[in-house]
Amino acid sequence: MKRILAMASVLLAAGALVVFGTGASDGGGAYRVRAIFMNAFSVIPGEDVKIAGVKVGKIESLDVTPDHKAAVVLRIDRAGFDDFRADAQCTIRPQSLIGEKFVECTPTQPRPENAQLAPPLRKIQRGAGKGQYLLPVGQTSKPVDLDLLNNTLRLPYRERLAIILNELGTGLAGRGGDLRQAVTNADPALKETDKVLAILSDQNRVLSDLARNGDTILAPLARDRAKVADFVTQANVTAQATAERSDPLEQNIAKLPAFLRELKPTMQALGGLSDQMTPVLTDLGAEAGSINRFIKELGPFSQAGIPAFQSLGAAADVGGPALTKSKPIITDVGQLASTSKPLTTNLAALLTSLKDTGGIERLMDYLFYQVAAINGFDADGHYLRAGLILNACSQYAIAPSPDCLATFPNSGSASARAAGATSVPAYADTRRSNSLRQLDAYFHGKKLNLGGGVAQSSAKDGAQTDTGSAPAQQPAPAAAPSQAPASGNDPSSALLDYLLGGSG
C-alpha cells in the first residue's frame with residue numbers, strides 16, 4: 001500500500017513538472033496581432049513568424065471572419081518586436097520546398113532619420129479577437145506558390161487550363177460582379193505589381209543596358225552551355241547541402257543583424273581611410289608607369305646581385321669565427337669605454353667650456369704675446385731677448401778651476417776643496433748681468449742689493465753675510481750683453497722681468 005502511494009506521488013509530481021515545464025500558461029502577456037488574409041491556404045498553427053529573417057513568434061490560431069476571410073493570430077514572443085504600427089505589412093511565404101509556410105512581417109515601413117512614426121495598430125476592444133491588434137486585409141498578402149504555377153505547365157493541367165480559359169468568357173458573361181470581386185481580392189497583388197512597375201520605369205535605362213549587355217553575356221553562355229548545365233547540377237547539390245544545414249544557416253542569419261551592427265564602426269573607419277587614401281592612390285596611379293618600369297628593372301638587378309650575396313655568405317663563413325674570437329677584445333673595449341666614461345665626460349665638459357668661453361683662442365693669444373714679448377724689434381730688425389752666459393764654467397775642463405763653482409766627483413784634494421771654499425758665489429760675480437745675479441740669489445735664498453748693499457744670508461744654507469763685492473781681479477767676459485738696472489730690489493720682479501722679456 002505504501003509503495004502504491006509513493007508511486008502515485010511520483011506520478012503527480014512528474015505531471016506537475018511536465019505541465020509547468022512545457023509552459024502550460026496561456027502566455028497572457030504576449031503581444032498578439034490579428035492579421036486578416038484573403039487566403040491562408042496550407043498555413044497551420046505553430047509555424048514561425050519572422051521579422052527581417054529573425055524568429056519573433058508563432059502562429060497561434062486560425063479563424064474565419066464573417067466576410068469569409070482568414071484571420072491569422074500572430075503571437076509575438078520576442079521582446080523589442082512588439083510594436084506594430086499602422087503601416088505594418090505581413091505576407092505568407094514558403095519555408096521550404098515541401099510546402100511548409102511562415103509569416104514574414106514588417107512592423108513599420110522605413111523612414112528618414114528623425115521622421116515621425118506611424119500610429120500603433122488599433123486594438124480590438126470587443127468581439128472576436130478582443131485585446132488583439134488588428135492588421136487589415138489591405139496590408140496582408142499571400143503570393144501564389146511556385147509549385148502551383150509549375151502545376152499549370154504539366155499535363156493534363158495545362159490542357160485543363162486552356163479549357164478553363166476558353167470557357168471563362170462564357171462563364172463570366174453574366175458574372176461581372178463576381179469578376180469585380182475577384183479583381184478586388186487581387187488588389188494586394190496588384191498594388192505590389194504597381195510598385196514593381198514603378199521601380200522598373202525608374203530603371204528603364206538600366207534595363208536597356210541589361211538587354212544590350214545580355215546579348216554579350218548570353219553568347220559565351222551559349223558557347224559554354226555544357227559548363228552552365230554542370231553549374232546547374234552542382235547548384236542542385238549545393239542547394240541540397242544547404243537544405244540539410246538549414247538550422248545552422250538560420251542561426252547565422254539570426255546573428256547577422258548583431259554582426260552588422262558591430263561591423264558598422266569598422267566600415268565607417270574603413271570609409272574614412274578610403275577617403276584619405278584617395279589622393280595617395282591617385283598619385284600612385286599617375287606613377288604607375290614608373291613603378292612598372294622599376295619592377296621590371298628590379299628583376300635583372302636581383303639576378304646581378306645574386307653573386308654578391310653568395311660572396312657575402314662566404315665572407316660570413318670566414319668572418320663568423322673571427323667575430324667569435326674577437327668577442328673578448330670587444331668585451332675589453334666595452335669595459336674600457338665604461339671605465340673611461342667619466343674621463344671623456346670631464347674632457348667633453350672641458351673642451352665644451354674652452355669652446356664656449358674662448359679658452360683655445362686665449363691660449364693662442366698667450367702664445368702669440370709670449371713670442372712677441374721675447375721677440376723684440378728695433379731699427380735694425382728682430383732680436384731675441386736673451387742673456388748670453390760666458391764665464392769660466394762655460395768652457396770644457398777636466399780639472400777643478402777656482403773660477404767655476406762646479407764640483408767634480410772623486411775630487412778629494414785639499415787644494416781643490418780650498419779653491420772651492422774660497423770661490424766667489426755666482427750672485428756675487430760682477431761679470432754676470434744684474435738679472436742673472438738676482439735670479440741666482442733668489443734660487444739660493446739670498447736678497448741681493450745692487451746698489452752696494454749686503455746680500456743677507458738665509459738660515460737655509462748658513463752662509464756668512466757678504467758685502468756683495470766681487471774679487472778685484474776677475475777677467476771680464478769676452479762679450480756680455482748690456483743689461484739695464486733692475487727696476488726694484490725684489491728677486492721675483494727680476495725673475496718675471498727676465499721671463500717676460502723686461503729690462504734687467
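An account of the accompanying structure is given in this report. All residue numbers refer to position in the chain's written sequence, counted from 1. Local features in this predicted model are restricted to residues whose pLDDT is 70 or higher, and side-chain atom pairs enter the listing and the counts only when it is 80 or higher, whereas totals over whole chains, interfaces and linings include all residues. As a convention, hydrogens and water are excluded, and side-chain values are obtained from all of the structure's heavy atoms.

A few points about the state of the cysteines
Here comes step 1: Note on terminology: disulfide denotes any pair of cysteine sulfur atoms within 2.5 Å. If you walk through the whole model with that rule in mind, you get 1 disulfide.
Here comes step 2: Note that C90 is cross-linked by a disulfide to C105, the S-S spacing being 2.1 Å. Since a negative S-S torsion denotes a left-handed disulfide, the C90-C105 link at about 110 degrees is right-handed. Residue C90 is located in strand β5 (residues 89-94), and its partner C105 is located in strand β6 (residues 101-106); the two are separated by 15 residues in the primary sequence. A single burial state applies to C90 and to C105, both of which are buried. Runs of H or I in DSSP of at least four residues are treated as helices and runs of E of at least two as strands, each being numbered from the N terminus. Each residue gets one of three labels from its accessible area relative to the maximum for its type: buried under 20%, exposed over 50%, partly exposed in between, using a 1.4 Å probe on protein chains only.

Some thoughts on the side chain of D48
Here comes step 1: With respect to the helices, strands and loops of the structure, D48 is situated in strand β2 (residues 48-51).
Here comes step 2: Polar contact is the term for a pair of N or O atoms within 3.5 Å; when the atoms are in protein, one must be able to donate a hydrogen and the other to accept it, and sequence-neighboring residues count only if both atoms are side-chain atoms. Engagement of the side chain of D48 in a polar contact is seen with the side chain of K58, the distance being 2.6 Å.
Here comes step 3: When neighbours within four sequence positions are excluded, D48 is seen to be in contact with K55, G57, K58, I59, Q95, F102 and V103. The contact criterion used throughout is that any non-hydrogen atoms of two residues lie within 4.5 Å.

Let's talk about the environment of Y442
Here comes step 1: Mapped onto the elements, Y442 comes out in helix α14 (residues 434-443).
Here comes step 2: Along the chain, Y442 and Y427 lie 15 residues apart, while their C-alpha atoms are 9.0 Å from each other.

Observations regarding the packing of aromatic side chains
Here comes step 1: To pair, rings of Phe, Tyr and Trp, with the six-membered ring standing in for Trp, must have centres within 6.5 Å; the planes then decide the type, stacked if under 30 degrees apart, edge-to-face if over 60, and tilted in the middle. A complete count under the given rule lists 3 aromatic pairs for this structure.
Here comes step 2: Ring geometry for Y31 against Y133: centres 4.7 Å apart, planes inclined by 20 degrees, an arrangement best described as stacked. Taken together, the positions of Y31 in strand β1 (residues 31-37) and Y133 in strand β7 (residues 133-135) put the pair 102 residues apart, joining distant regions of the chain.
Here comes step 3: By the ring-pair criterion, three or more aromatic residues cluster together here, those being Y31, F84 and Y133.
Here comes step 4: Working rule: Lys NZ or Arg CZ, within 6 Å of ring centre, within 35 degrees of ring normal, means a charge sits over the ring. One cation-aromatic arrangement involves K50 over F102; the distance from NZ or CZ to the ring centre is 4.8 Å.

Things to note about a nonpolar patch on the surface
Here comes step 1: Patches here are clusters of residues that have more than 30% relative accessible area and form no salt bridge, with a 9 Å joining cutoff for like charges and a 5 Å cutoff for nonpolar side chains (Val, Leu, Ile, Met, Phe, Trp, Tyr). Residue exposure ignores everything except the shown protein chains as possible cover, and the areas themselves are Shrake-Rupley values with a 1.4 Å probe. For salt bridges, the criterion is a side-chain nitrogen of Lys or Arg within 4 Å of an Asp or Glu carboxyl oxygen. Taken together, the side chains of M267, L270, L273, M277, L281, L284, I291, F294, I295, L298 and F301 define a hydrophobic patch exposed on the protein surface, amounting to about 1,000 Å² of accessible area.
Here comes step 2: Sort the elements by how many residues they give to the nonpolar patch and helix α8 (residues 246-286) lands first, with 6 residues.
Here comes step 3: Summarising the element assignment, F294 is placed in helix α9 (residues 288-325).
Here comes step 4: For F294, a relative accessible area of 53% corresponds to the exposed category.

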